[in-house]
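Letter by letter, the chains look like this.
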Amino acid sequence: MTDYLNYIQLVSGILAAGLIFAGIFISVKKLNPEKYETIPVKTTVISTVLITAGLLCYTLVITCKNMTIVTEEQYELGTIYFASLEEVIKMFGFIVFVPLLFRLFKPRSHKNDQPEEMIPDEE
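Residues numbered from 1 in each chain as written. Predicted model: local features only at pLDDT ≥ 70, side-chain atom pairs only at ≥ 80, totals over all residues. Heavy atoms only, no water.

Teacher, can you tell me more about the pattern of salt bridges here?
Once their charged atoms are close, side chains differing in charge can pair, the charge on each being opposite to the other. Tallied over the full model, the rule gives 1 salt bridge. One salt bridge in this structure joins Glu 86 and Lys 90, with 3.5 Å as the shortest N-O distance. Of the two residues, Glu 86 and Lys 90 both sit in helix H3 (residues 77–92), 4 residues apart, roughly one turn of that helix. According to the relative accessible area criterion, Glu 86 is partly exposed, its value standing at 46%. (Salt bridge = Lys/Arg side-chain N within 4 Å of Asp/Glu carboxyl O. Helix = DSSP H or I, 4+ residues; strand = E, 2+ residues; numbered from the N terminus. Buried < 20%, exposed > 50% of the residue type's maximum accessible area, 1.4 Å probe, protein only.)

Here you go:
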């Protein structure tokens, strides 16, 4: 049983890291200070969902770790998973709000480098 737990832990850990990285990367990719635009709502929602899915996969890693400590006779799998979910939310729950923070911090208005009135050259 512990061999299967190790494989599940390895696969879900890699998947969790990939999903969290993809969620943050999508949000940062749309962050462009030269255009002075906010991140679209669709991008914020997609990146938040990816990060949440990554944290749920990381919860599976913690659940497998806790399964080796606690035997199956003592607690049910659902109880161990929700206890692990609480632990993950306490430690890394703030990561879900990173795309929202990128969206809330609006870029400053664009200032023109050129003056509005151009003085014509005298010939």
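Where do I start with the packing of helix H2 (residues 41–69) against H3 in this structure?
The description of two packed helices rests on the angle between their axes and on the distance between the axes. Two elements in contact, H2 and H3, have axes separated by 8 Å at closest approach and are oriented at 120 degrees. With respect to H3, the element H2 is oriented oblique. For the element pair H2 and H3, the recorded crossing hand is right-handed. Only Leu 77, Ile 80, Tyr 81, Ser 84, Leu 85, Glu 87, Val 88 and Phe 92 of H3 make contact with H2, whose side of the interface consists of Leu 55, Leu 56, Tyr 58, Thr 59, Leu 60, Ile 62, Thr 63, Lys 65, Asn 66 and Met 67. (Axes fitted to C-alpha atoms, helices over the stretch in contact; angles between N-to-C directions. Parallel < 35°, antiparallel > 145°, perpendicular 65-115°, else oblique. Left-handed = near helix turned anticlockwise from the far one by under 90°. Contact = heavy atoms within 4.5 Å.)

Help me out: how do you make sense of the nonpolar core in this one?
It is characteristic of soluble globular proteins that their nonpolar side chains tend to be buried jointly. Judged by nonpolar contacts, Ile 20, Ile 51, Leu 55, Ile 62, Val 88, Ile 95 and Val 96 together constitute the single largest core of 7 residues. Sorting elements by how many residues they give to this core places H2 first, with 3 residues. Aside from chain neighbours lying at most four places away, what touches Ile 62 is Ser 84, Glu 87 and Val 88. (Core = buried A, V, L, I, M, F, W, Y, C linked by side-chain atoms within 4.5 Å.)

Could you clarify how one ought to interpret the confidence of the model for the chain in this entry?
As a general rule, the predicted coordinates of low-pLDDT regions are not to be interpreted in detail. With 77% of its residues at a pLDDT of 70 or more, the chain shows a mean pLDDT of 82. No element of the chain has a lower mean pLDDT than helix H4 (residues 98–104), at 87, and none a higher one than H2, at 91. (pLDDT = per-residue confidence, 0-100.)

Which parts of the structure should I look at to understand the environment of Lys 29?
Looking at the secondary structure, you find Lys 29 in helix H1 (residues 2–29). Residue classification places Lys 29 among the exposed positions, given a relative accessible area of 62%. C-alpha of Lys 29 to C-alpha of Thr 43: the two residues are 14 residues apart in sequence and 9.8 Å apart in space.

Mind showing me how you'd approach the side chain of Asn 66 here?
Along the chain, Asn 66 falls in helix H2. A relative accessible area of 15% places Asn 66 in the buried class. A polar contact of 2.9 Å, which involves the side chain of Asn 66, links it to the side chain of Ser 84. With near-sequence residues (within four places) excluded, Asn 66 lies in contact with Ile 80, Ser 84 and Glu 87. (Polar contact = N/O pair within 3.5 Å; in protein donor to acceptor, adjacent residues only side chain to side chain.)

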